[in-house]
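Observations on chain architecture
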Amino acid sequence: MDIETIRKSFRLTADYHTHTVYSKVGPYLHGKGTVLQNAAAASLRGMRELAITDHGPTDFYGLDLKKIPQIRDDIVKAMKRFPSVKIYLGVEADIVDTPNGLDVSEEDFELFDFVNAGYHYVPNCHMIQNWLAFRFPCPESVKEKLRKQNTDRIIRALRSNNIRILTHPGDKAYIDTHAVAKACEETGTLVEINARHRHPDCEELKVFAGYDVKFVISSDAHKPEKVGRYVRSMALALSAGITPDRIVNIENK
């Protein structure tokens, strides 16, 4: 199905993975828009739901948990301005080597409406190794060692927490896609088709499609104008044999 036909046939009802100016390091803004600007974009595109999911606290651009009340206040104001859009406060936690496998503790889960999680290049030795292996030629033995470590950490995080969406699986770190897909099946975790990153790609999505999992298309927007991107992700899903009924935030026009 070509891009224009997809645009005319389907609509995105919700975007559960967007970033704002609360994703930042020092003075540098990783997310470029405010909560209100993301809400305005969602309303303009006719979406019914939106999630603000800035990065987990150990990320280079991590969220300051002390600002949660301020973000909640921003969300209340945005929903008053755009009442047709239900806005959730989430977080894109980092999968790391902690007791629960995330940089958001079990106690801090209650701060959010839901938690997404994925691999990011946080400042630790393991992720520096992933960064080097993912970008530069390296021995297959190194890749396989990292693949096993990464897969084990993802599965532990999925089984130890109530994670709503596994974000961009296969991006930034090698994984055993079959093993991760099986864990998502067992835990009921949504598999993200990410509009910003190259992974999961078509072949990886075919693997996920072979398991009893549901999918979600996310913009992973870092600018308000990117909120609600879905057309190319939908084309990728169809190419991988994923039917629209398996994607939780897609509906027919």
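The coordinates are above.
Residues numbered from 1 in each chain as written. Predicted model: local features only at pLDDT ≥ 70, side-chain atom pairs only at ≥ 80, totals over all residues. Heavy atoms only, no water.

Now for the overall build of the protein. Tallying secondary structure elements over the protein gives eight helices and eleven strands in all. The C-alpha radius of gyration of the protein comes to 17 Å, within 12% of the 18 Å expected for a compact globule of 253 residues. Seen through its principal axes, the protein has C-alpha atoms that stretch 55 × 45 × 30 Å. Considering the protein as a whole, with its 253 residues, one finds that 53% of them fall into the buried category. Pairs at least 24 residues apart make up 76% of the contacts formed inside the protein by residues separated by at least 6 positions. Accessible surface computed for the protein: about 11500 Å², of which carbon and sulfur atoms make up 53%. Side chains of the protein carry 35 positive and 34 negative charges; the gap between the two charge centres is 6 Å. (Helix = DSSP H or I, 4+ residues; strand = E, 2+ residues; numbered from the N terminus. Rg over C-alpha atoms; globule rule 2.2 N^0.38 Å. Buried < 20%, exposed > 50% of the residue type's maximum accessible area, 1.4 Å probe, protein only. Contact = heavy atoms within 4.5 Å. Areas by Shrake-Rupley, 256 points an atom, 1.4 Å probe, with all protein chains shown as cover. Lys, Arg positive; Asp, Glu negative; His and termini not counted. Charge placed at Lys NZ, Arg CZ, Asp CG, Glu CD.)

A separate point is the packing of helix α6 (residues 177-187) against helix α7 (residues 202-209). Taken N-terminus to C-terminus, the directions of α6 and α7 make an angle of 45 degrees; their axes are 9 Å apart at the nearest point. The pairing of α6 with α7 is recorded here as oblique in orientation. The two elements α6 and α7 meet at a crossing, and its hand is right-handed. For the pair formed by α6 and α7, the contact residues are T177, H178, V180 and A181 on the first element and E204, V207 and F208 on the second. Here the contact of α6 with α7 is built from residues that sort into four nonpolar, two polar and one charged. (Axes fitted to C-alpha atoms, helices over the stretch in contact; angles between N-to-C directions. Parallel < 35°, antiparallel > 145°, perpendicular 65-115°, else oblique. Left-handed = near helix turned anticlockwise from the far one by under 90°. Nonpolar A, V, L, I, M, F, W, Y, C, P; charged D, E, K, R; others polar.)

Moving on to the pairing of strand β5 (residues 49-55). The buried fraction of β5 is high, at six of seven residues. Relative to strand β6 (residues 86-94), β5 runs parallel, the two sharing seven bridges. Within the sheet, the bridge partner assigned to H55 lies in β6 and is E92. The parallel pair β5 and β6 is bridged by helix α3 (residues 68-81), and the resulting crossover is right-handed. (Pairing = 2+ DSSP bridges. Right-handed = clockwise from strand over helix to strand, strands pointing away.)

Before going further, it helps to spend a moment on the layout of surface pockets. When its volume is computed, the largest pocket comes out at roughly 210 Å³. Lining the largest pocket are 14 residues; nearest its centre among them are H30, Y61, H120, K172 and R196. Of the residues belonging to the lining of the largest pocket, the class tally is three nonpolar, six polar and five charged. Taken as a whole, the second largest pocket spans an internal volume of roughly 180 Å³. (1 Å grid on protein atoms, 1.4 Å probe; cavity = no way out; pocket = protein on both sides within 12 Å on 5 of 7 lines; lining within 4 Å. Points joined across faces, edges and corners; volume = space filled by probe spheres on them.)

This paragraph deals with the nonpolar core. In terms of nonpolar packing, the biggest core is built from 70 residues, with L102, F215 and I242 touching the most fellow members. Considering each element in turn, this core owes the most residues, five residues, to helix α5 (residues 140-160). In contact with L102, not counting residues within four places along its chain, are A93, D94, I95, V96, F109, V115, A117, A157, N161 and I163. Grouped together as the second largest cluster of nonpolar side chains are eight residues, A14, Y88, I165 and V216 included. (Core = buried A, V, L, I, M, F, W, Y, C linked by side-chain atoms within 4.5 Å.)

What follows concerns the packing of aromatic side chains. A full pass over the atoms with the stated rule returns four aromatic pairs. Aromatic side chains Y16 and F114 sit 6.1 Å apart centroid to centroid with 85 degrees between the ring planes, which places their arrangement in the edge-to-face category. One end of the pair, Y16, is in strand β2 (residues 14-18); the other, F114, is in strand β7 (residues 114-118), and 98 residues separate them in sequence. We classify Y16 as buried; its relative accessible area is 7%. Of the residues examined, F114 reaches a relative accessible area of 10% and is grouped as buried. (Phe/Tyr/Trp six-rings, centres within 6.5 Å; stacked < 30°, edge-to-face > 60°.)

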